[in-house]
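One-letter residues, chain by chain:
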Amino acid sequence: MQLSARILLPLVLTAVAGAAMAQNAPLTRAEVRAQAIAARDAGQLPDTDIVTFKVPASSTVSRAEVRAQAIAARDAGQLSDTDIVTFNVPAGFEKTRTQVLAELNEAQRLGLVNVSDAEYPVIATQQQAEQVRQAGLRAIGNSTTVGQL
C-alpha cells in the first residue's frame, strides 16, 4: 500500500463516520427542554411534584359540627395523640430493699455476681435462682418455701 493510501483511507473513513453521526447527533439541552415542556403541556408527562386533592366545592357539615365530632372521637379514645408519651408506673415495688440485699448477698455467696467486665456473665441454674429467691423471702420473714427444686 502506498503512503498516500495509508493516510487518505483513515481520513475518508473518519469523514464518512462523522457525517453519519451528525445525522444522529444527540440533542442539545435546549432541544430536550423544549420537547419535555411540549410533552408536559400536551399531557403526556405526569407532573410528580404536584399532588392534587379532590376536595368538594362545598361542605354539608359546619365547622362547629366537625369540632364536636372531633371532640367526641377524642373523648371516646378513637384519636391518639402521638406527641404524648404515657408511662405505666407500677403502684409499688415488688421487693423491699431488705429482700433485694439478701438476694444480692446470696448471689454473691453462690458466685453469680461478677465484679469485672472482663469476665463472661454467670448464668444461674434453676436451683441457684431458687436459692436466691428463698434468701429474699427469708429476709422479709416469709418462711413459706414453695416449689423448691
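The sections below set out a description of the structure shown in this document.

**What about the side chain of Glu 106?**
Link 1 in the chain: One can find Glu 106 in helix α4 (residues 97–109).
Link 2 in the chain: When near neighbours in sequence (up to four residues on either side) are disregarded, Glu 106 contacts Gln 131, Val 132 and Ala 135.

**Focus: the packing of α4 against helix α5 (residues 126–139)**
Link 1 in the chain: Between α4 and α5, the least distance of the axes is 8 Å, while the angle of their chain directions is 140 degrees. Relative to α5, α4 is oriented oblique. As for how α4 packs across α5, the hand of that crossing is right-handed. On α5, the residues that touch Thr 98, Gln 99, Ala 102, Glu 103, Glu 106 and Ala 107 of α4 are Gln 131, Val 132, Arg 133, Ala 135, Gly 136, Leu 137 and Ala 139.
Link 2 in the chain: Of the residues in the contact of α4 with α5, the class split is six nonpolar, four polar and three charged.

**Quick notes on a nonpolar patch on the surface**
Link 1 in the chain: Residues Val 85, Phe 87 and Val 89 make up a contiguous nonpolar surface patch of roughly 390 Å² in combined accessible area.
Link 2 in the chain: With respect to the helices and strands, the residue Val 89 is situated in the loop between α3 (63–75) and α4.

**Structural notes on α5**
Link 1 in the chain: Along its 14 residues, α5 runs 20 Å from first to last C-alpha, staying within 8% of the 20 Å computed at 1.5 Å per residue.
Link 2 in the chain: All of the buried residues along α5 are Glu 130, Val 132, Gln 134, Ala 135, Gly 136 and Leu 137.
Link 3 in the chain: Here the buried face of α5 lies against α4.

**Overview of α4**
Link 1 in the chain: Its 13 residues place the ends of α4 18 Å apart at the C-alpha level, agreeing with the 18 Å of an ideal helix rising 1.5 Å per residue.
Link 2 in the chain: Restricting attention to buried positions, one finds in α4 the residues Gln 99, Ala 102, Glu 103, Glu 106 and Ala 107. Buried residues in α4, looked at end-on, bunch into an arc of 135 degrees, giving them a common side.
Link 3 in the chain: Lining the buried residues of α4 we find α5.
Link 4 in the chain: Directly after α4, the chain includes Gly 111, whose backbone phi takes a positive value near 80 degrees.

Definitions and limits used
Residues numbered from 1 in each chain as written. Predicted model: local features only at pLDDT ≥ 70, side-chain atom pairs only at ≥ 80, totals over all residues. Heavy atoms only, no water. Helix = DSSP H or I, 4+ residues; strand = E, 2+ residues; numbered from the N terminus. Contact = heavy atoms within 4.5 Å. Axes fitted to C-alpha atoms, helices over the stretch in contact; angles between N-to-C directions. Parallel < 35°, antiparallel > 145°, perpendicular 65-115°, else oblique. Left-handed = near helix turned anticlockwise from the far one by under 90°. Nonpolar A, V, L, I, M, F, W, Y, C, P; charged D, E, K, R; others polar. Patch = residues over 30% accessible without salt bridge, like charges linked within 9 Å, V, L, I, M, F, W, Y side chains within 5 Å. Areas by Shrake-Rupley, 256 points an atom, 1.4 Å probe, with all protein chains shown as cover. Salt bridge = Lys/Arg side-chain N within 4 Å of Asp/Glu carboxyl O. Expected span 1.5 Å × (residues − 1). Buried < 20%, exposed > 50% of the residue type's maximum accessible area, 1.4 Å probe, protein only. Arc of directions from axis to C-beta.

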